[in-house]
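Residue-level structural notes
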Amino acid sequence: MGCGRMKINRFHVLLFITWQLTIYFAVQQLFSIFSNYTPKWRCSNDTEYAKNCTLLKECPKELLQFDHMPFYSTVLEFDMLCGTRAYIASLISTFQFCGVLLGTIVFGQLADKYGRRPIALITLTFGVFFTMLSGASPNWQILMALRILVGTCIGGAIVSLYTYVVEIIPPQQRVFLRAFFNWGYSRVMLTIVCWMIPHWRWASYATVSFVVPLIPIIYFLLPESPTWLMSKERFTEMEQSEQKISKYANSPTMFEAQNSQEKKVLKPQRQYTIRDLFANRLIAKRTLILWLIWFTAALCSYVNDLNSRNLAGDFFANQLLMGSMTGMCQAIIYLLDTYIPGFSRRMLYQASQSLVIGCFATMTLLMIFVDAPIVILVIDLVGTVLISYTWDACFLCAAEGFPTEVRAMGIGTCASISRIGALLAPQVAFLGTLWQPIPFLTVFLLGTISLSFSIIFLPETKGTDLKKCSEILTTNVKSSKVHPVADTSGQQKMDC
């Protein structure tokens, strides 16, 4: 498991830091957990605090008392506590996710055309600028417009930098990357900043300020992706990029394997389109089942995250627990994948999804029939970790399940479908203010549907020989099963 075994060098460490800071910028998608925080209120000292909109409407302003407010939110400043204005708060989150979807699509194509590095620089620079501007918004309309732009930059930064990182690090480091540099730790960082600066305006400035160092890192230290330069037949620049990376890495032979094999001849290939994801029954079934599990993971995770502000217990303690548990428990997947050969992708997804269903079914029943807020909180913490495991399965199955010719496109469509799920999450979370079990019930029902289809259609991809996946596009196959074949090392690989 050590660095020597995976040959981690100094440049890889720089990439890991770059990716963690990128995720930290992306976790702005969860800033609405804090900016939409709604405290309870009362109208006299002899009544309990509650979220009673009738009472809020009838109570004289001078008598209105709010419960302890761990964070001063946009909901309080722009009077979005009840009625139509309460729905506006969820709309701001929804439109921000619209921006992420737009950025993923538009900037993903621009990164393929103009390079990973310039798009990353543009999206991060403007993302920091728009996030800081959003903290100065005089009203909710301008706030919504700026958060849409922030979301667009988030989508562009994720797609360009994730592609950049995975094009350079070796395949055996990809699970390591997700295990130790992940969303959970970024959520912890966001929570700590908002706890230290409990005002939405100042927190907007402070949270994004940690992203600023990433801009000079990319500009001065990260050259363009050699893989992208090779695809554009810019061989002189490619060699310069490799030399710069090798110098930083202190590893002169870092690109030796590619030099001896991949760069001798660059064969022209035809242009593939989204229609090729449906070239035959096998690739079509793979595409659709992957779309379903990505949609499910996104909707369930964001619904659960946005609903977390309504759970019992200390607001900030809950957020810290969710982030830290998610981050640390990712290491378990790395250990299982490394040391247990029989731990398959299907097992990872279906076991995790089954437990998610059990957790959220239990929480739904408890919320309807039993007043047990602490028990619900504990189960929700476990469910949060399990949902993160389904995300791991989504990324691995997509990376290993699509043929090489359409892999980037396939993963891109999966990401876009997941953004649609994210778009719906704020609306589902808002419905939870009308009937509390709705978010939990939604995760249970959608998770059950996804699990059922995955049992039938999700192929096993662990150990897939990616070089043989191209035949999926051209062979008229009748089964989605993969077949083990022996490679020269004596290990089993999966023939697509």
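Just above, that's the structure.
Our subject in this report is the structure included herewith. Just so we're clear, the structure is a prediction, and the values are computed from it rather than from any experiment.

So, about the pattern of salt bridges. Throughout the structure, instances matching the rule amount to 7 salt bridges. A salt bridge links Arg-116 to Asp-112; its shortest N-O distance comes to 2.7 Å. Salt bridges linked by common partners bring Asp-112, Arg-116 and Glu-167 together as one network.

This next bit is on the packing of aromatic side chains. Under the criterion given, the structure shown has 30 aromatic pairs. For the ring pair Phe-453 and Phe-457, a centre distance of 6.1 Å and an interplane angle of 20° mean the geometry is stacked. One end of the pair, Phe-453, and the other, Phe-457, are both in helix H21 (residues 438-457), 4 residues apart, so they sit about a helical turn from each other. Look at Phe-453 and you get partly exposed, because its relative accessible area is 40%.

This part takes up the state of the cysteines. Counted according to the given criterion, the structure contains 2 disulfides. The disulfide partner of Cys-53 is Cys-82, and the S-S distance across this bridge is 2.1 Å. Across the S-S bond linking Cys-53 and Cys-82, the dihedral sits near -85°, which makes this disulfide left-handed. A residue pair is termed long-range when its members are at least 10 positions apart, and Cys-53 in helix H4 (residues 53-58) and Cys-82 in the loop between helix H5 (74-77) and helix H6 (83-114) qualify at 29 residues. Cysteine Cys-394 remains unbridged, with the sulfur of Cys-397 as its closest cysteine sulfur at 7.3 Å.

Two elements in contact, helix H18 (residues 345-369) and H21, have axes whose closest approach is 8 Å; the angle formed by their N-to-C orientations is 150°. Classified by the angle between their axes, H18 and H21 sit roughly antiparallel to one another. For the pair H18 and H21, the sense of crossing is left-handed. Contact with H18, carried on its side by Arg-346, Tyr-349, Gln-350, Gln-353, Ser-354, Val-356, Ile-357, Phe-360, Ala-361, Met-363, Thr-364 and Met-367, involves Phe-440, Leu-441, Val-443, Phe-444, Gly-447, Thr-448, Ser-450, Leu-451, Ser-454 and Ile-455 of H21 and no other residues of that element. In terms of residue class, the contact of H18 with H21 is built from 13 nonpolar, 8 polar and 1 charged.

What follows covers helix H19 (residues 373-401). Given a rise of 1.5 Å per residue, 29 residues ought to cover 42 Å, and the 41 Å separating the end C-alpha atoms of H19 matches this to within 8%. Burial runs high along H19: 22 of the 29 residues are buried.

Position of Asp-305 among the secondary structure elements: in helix H16 (residues 281-307). For Asp-305, a relative accessible area of 6% puts it in the buried group. Beyond its immediate stretch of four places on either side in the chain, Asp-305 contacts Leu-30, Ile-33, Trp-183 and Arg-187.

This brings us to empty space enclosed by the protein. What the rule picks out here adds up to 3 cavities of 30 Å³ or more. Contributions of two or more residues to the lining of the largest cavity are made by helix H3 (32-35), H6, helix H8 (140-168) and helix H11 (200-209). The element contributing the most residues to the lining of the largest cavity is H6, with 3 residues. When grouped by side-chain class, the residues that make up the lining of the largest cavity number 4 nonpolar, 8 polar and 1 charged.

With that out of the way, let us pick up the packing of helix H17 (residues 315-339) against H19. Taken N-terminus to C-terminus, the directions of H17 and H19 make an angle of 45°; their axes are 9 Å apart at the nearest point. Classified by the angle their axes make, H17 and H19 are oblique. Pair H17 / H19 crosses with right-handed handedness. Taking contact as the criterion, the partners of Asn-318, Leu-321, Met-322, Met-325, Thr-326, Cys-329, Gln-330, Ile-332 and Ile-333 in H17 are, on H19, Leu-377, Asp-380, Leu-381, Thr-384, Val-385, Ser-388, Tyr-389 and Asp-392. When grouped by side-chain class, the residues that make up the contact of H17 with H19 number 10 nonpolar, 5 polar and 2 charged.

Conventions used here
Residues numbered from 1 in each chain as written. Predicted model: local features only at pLDDT ≥ 70, side-chain atom pairs only at ≥ 80, totals over all residues. Heavy atoms only, no water. Salt bridge = Lys/Arg side-chain N within 4 Å of Asp/Glu carboxyl O. Phe/Tyr/Trp six-rings, centres within 6.5 Å; stacked < 30°, edge-to-face > 60°. Helix = DSSP H or I, 4+ residues; strand = E, 2+ residues; numbered from the N terminus. Buried < 20%, exposed > 50% of the residue type's maximum accessible area, 1.4 Å probe, protein only. Disulfide = S-S within 2.5 Å. Axes fitted to C-alpha atoms, helices over the stretch in contact; angles between N-to-C directions. Parallel < 35°, antiparallel > 145°, perpendicular 65-115°, else oblique. Left-handed = near helix turned anticlockwise from the far one by under 90°. Contact = heavy atoms within 4.5 Å. Nonpolar A, V, L, I, M, F, W, Y, C, P; charged D, E, K, R; others polar. Expected span 1.5 Å × (residues − 1). 1 Å grid on protein atoms, 1.4 Å probe; cavity = no way out; pocket = protein on both sides within 12 Å on 5 of 7 lines; lining within 4 Å. Points joined across faces, edges and corners; volume = space filled by probe spheres on them.

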